[in-house]
Amino acid sequence: NYANISSLNLPSSFTNSAEAYQRAVSDLQTSAYLILIMSIVAILISYFYIKIIACVGRMLIIFTILVVIVGGTALCWLLITDGHQRMESDETEDWGKYEFWSGIILSVILVFFLLALFFMRKSIELIVKMMNEASHAIRDMK
């Protein structure tokens, strides 16, 4: 049930648009210092993130690829084995089928990903070199 807003006896400041605007501006003035501090914190975090990338720029791509391969393989194995075990019970047979086939589909996608990595290895080497140069450029910025 939805109540009619006119029956709630709200103060006029909740129904007048000019007063609502004034409340919004007042809220912004109240939180101005918080917004300023959070903006400075965001800038500092971005600066440190760029410095971290400068130190480990080349490893970022390699680490990302390794995490996808290891994590994808572990997830495929988990889904297939758990789905196979669940299919043996009548109560969880449907859930087991979903898990099993999800694992199979994910395995196929992972194989396509590995094939794409294999055929794009020269491009990946070029990207690693570019990241290395970018990390040198970031390191040289003062």
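Small disclaimer: the values here were computed from a predicted structure and weren't measured.

Draft legend 1. Expanded view of the overall build of the protein chain. Within the protein chain, the regular secondary structure consists of four helices and zero strands. Reading the protein chain from its N end, one meets helices and strands in the order α-α-α-α. Within the protein chain, the proportion of its 142 residues that are buried is 13%. Considering only contacts within the protein chain whose residues lie at least 6 apart along the sequence, 58% involve residues at least 24 apart.

Draft legend 2. Representation of the side chain of Glu99 in the model. Residue placement: Glu99 occurs in helix α3 (residues 93-119). Look past the residues within four positions of Glu99 in its chain and what remains in contact with it is Leu79, Asp82, Gly83 and Arg86.

Draft legend 3. Here's a closer look at helix α1 (residues 17-30). Taking 1.5 Å of rise per residue, 14 residues should cover 20 Å, and α1 covers 20 Å from first to last C-alpha, within 8% of that figure. Little of α1 is tucked away: zero of the 14 residues are buried.

Draft legend 4. Geometry of the confidence of the model for the protein chain. Taken residue by residue, the protein chain gives an average pLDDT of 84. The fraction at 70 or more is 85%. The secondary structure element of the protein chain with the lowest average pLDDT is helix α4 (residues 121-140), at 78, and the one with the highest is α3, at 94.

Draft legend 5. Region of interest: the pattern of salt bridges. Tallying each qualifying case throughout the model produces three salt bridges. A salt bridge links Asp82 to Arg86, with the nearest nitrogen and oxygen atoms 2.9 Å apart. Separated by four residues within a single helix, Asp82 and Arg86 lie in helix α2 (residues 32-87), roughly one turn from each other. Residue classification places Asp82 among the partly exposed residues on the basis of a relative accessible area of 22%. Here Arg86 and Glu99 are joined by a salt bridge, their closest N and O atoms 3.2 Å apart. Here Arg86 is found in helix α2, whereas its partner Glu99 is found in helix α3, with 13 residues between them in sequence. Of the residues examined, Glu99 reaches a relative accessible area of 13% and is grouped as buried.

Draft legend 6. Structural context of a nonpolar patch on the surface. Nonpolar side chains collect at one region of the surface, where Tyr33, Leu34, Leu36, Ile37, Met38, Ile40, Val41, Leu44, Ile45, Tyr47 and Phe48 lie side by side and expose about 1200 Å² of accessible area between them. Assignment of secondary structure puts Leu44 in helix α2. Here Leu44 falls in the partly exposed class, since its relative accessible area comes to 44%.

Thresholds applied
- Residues numbered from 1 in each chain as written.
- Predicted model: local features only at pLDDT ≥ 70, side-chain atom pairs only at ≥ 80, totals over all residues.
- Heavy atoms only, no water.
- Helix = DSSP H or I, 4+ residues; strand = E, 2+ residues; numbered from the N terminus.
- Buried < 20%, exposed > 50% of the residue type's maximum accessible area, 1.4 Å probe, protein only.
- Contact = heavy atoms within 4.5 Å.
- Expected span 1.5 Å × (residues − 1).
- pLDDT = per-residue confidence, 0-100.
- Salt bridge = Lys/Arg side-chain N within 4 Å of Asp/Glu carboxyl O.
- Patch = residues over 30% accessible without salt bridge, like charges linked within 9 Å, V, L, I, M, F, W, Y side chains within 5 Å.
- Areas by Shrake-Rupley, 256 points an atom, 1.4 Å probe, with all protein chains shown as cover.

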